[in-house]
Amino acid sequence: MKIIYTCKDIFVRCIPPFLLEYPLVKRLIGFSFVGVFVTFFGMTLTFILLKIVGLSAYLTYVSSYIISILLSYYLNSRLVFKSGKSKRNLLIYYIVYGISMLIGLGSLYLYRQFLSFDELILNYMVIPVTMLWNFMVSSKYLKPQT
């Protein structure tokens, strides 16, 4: 956990100080930082499940997503939203990310229908779509503790 805080501190030093006065900007920065970390984790896991273990594209996506959600919830609840870990927040988080997973599966389906890229690339192309949804909805429902 210490390495995550160190990386976050280095990242935050690169942001102009006047932007850090806005709570939404702080949350977006934190959410993005956690998102990058969890995304790399998920991409690595996706590669392992798809190319080494040999799971199908859909099973790989769902498995990687569920595991990544757990890591994301833990890091975001501690570092970004500081909303505390509670059953209510966990339920909200799973609902938000569950809907996001369905959006991602729909995107993956459409990509597979119209694009002839490798399955790994198609899985990675879902990331921007779900990241936008996740931040918008998480920011609305997971408020920081005051």
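Source: prediction; values computed, not measured. Along each chain, residues carry numbers from 1 onward, in the same order as the chain's sequence is written. Thresholds applied to this predicted model are a pLDDT of at least 70 for local features of residues and 80 or more for the giving and counting of side-chain atom pairs; totals over whole chains, interfaces and linings are not thresholded and use all residues. Processing note: side-chain calculations cover all non-hydrogen atoms of the structure and skip hydrogens and water entirely.

Concerning the side chain of S138
Item 1. Every helix listed is a DSSP run of H or I at least four residues long, and every strand listed is a run of E at least two residues long, numbered separately from the N terminus. With respect to the helices, strands and loops of the structure, S138 is situated in helix α6 (residues 127-141).
Item 2. Polar contact criterion, stated in full: a pair of N or O atoms within 3.5 Å, where within protein one must be able to donate a hydrogen and the other to accept it, and residues adjacent in sequence count only if both atoms are side-chain atoms. Polar side-chain contacts of S138 include one of 2.7 Å to the backbone oxygen of N134.
Item 3. Whether two residues are in contact is decided by their heavy atoms, any of which lying within 4.5 Å being enough. For S138, the residues in contact, after removing those within four places along its chain, are F31, F81, Y93, V96 and Y97.

What about a nonpolar patch on the surface?
Item 1. Any residue with relative accessible area above 30% and no salt bridge may belong to a patch, with like charges joined within 9 Å and the nonpolar Val, Leu, Ile, Met, Phe, Trp and Tyr side chains within 5 Å. The accessible surface values rely on the Shrake-Rupley method and a 1.4 Å probe; as for residues, cover is taken only from the protein chains in view. Only one rule defines a salt bridge in this text: a Lys or Arg side-chain nitrogen within 4 Å of an Asp or Glu carboxyl oxygen. A contiguous nonpolar surface patch, about 700 Å² in accessible area, is contributed by Y58, Y109, L110, F114, L115, F117 and I121.
Item 2. The biggest single contributor to the nonpolar patch is helix α4 (residues 87-114), with three residues.
Item 3. Locating F114 in the fold gives a position in helix α4.
Item 4. When accessible area is computed with a 1.4 Å probe and restricted to protein chains, residues below 20% of their type maximum are described as buried, those above 50% as exposed, and intermediate ones as partly exposed. Classification of F114 by relative accessible area gives exposed; the value is 68%.

Re the packing of aromatic side chains
Item 1. By convention, a stacked pair of Phe, Tyr or Trp rings (six-membered ring in the case of Trp) has centres within 6.5 Å and planes under 30 degrees apart, an edge-to-face pair has planes over 60 apart, and any other such pair is tilted. As enumerated under the stated definition, the model contains five aromatic pairs in all.
Item 2. Arranged with centres 5.1 Å apart and planes meeting at 55°, the rings of F31 and F135 form a pair that is tilted. Taken together, the residues span a long stretch of sequence, with F31 in helix α2 (residues 23-53) and F135 in helix α6 at a distance of 104 residues. Both residues of the pair, F31 and F135, count as buried.
Item 3. An aromatic cluster of three or more residues is present, and its members are Y61, Y65, Y73, Y93 and Y97.

As for α4
A turn of α-helix holds 3.6 residues, and therefore any two residues three or four places apart point the same way.
Item 1. Helices are assigned an expected span. That span is 1.5 Å times one less than the residue count. With 28 residues, α4 extends 40 Å between its outermost C-alpha atoms, agreeing within 8% with the 40 Å of an ideal straight helix rising 1.5 Å per residue.
Item 2. Here α4 has its buried residues at N89, I92, Y93, V96, Y97, S100, M101, G104, S107, L108 and Y111.
Item 3. Looking at the buried side of α4, the elements it contacts are α2, α3 (57-80), α5 (119-125) and α6.

Worth remembering: the numbers are spatial, not functional.
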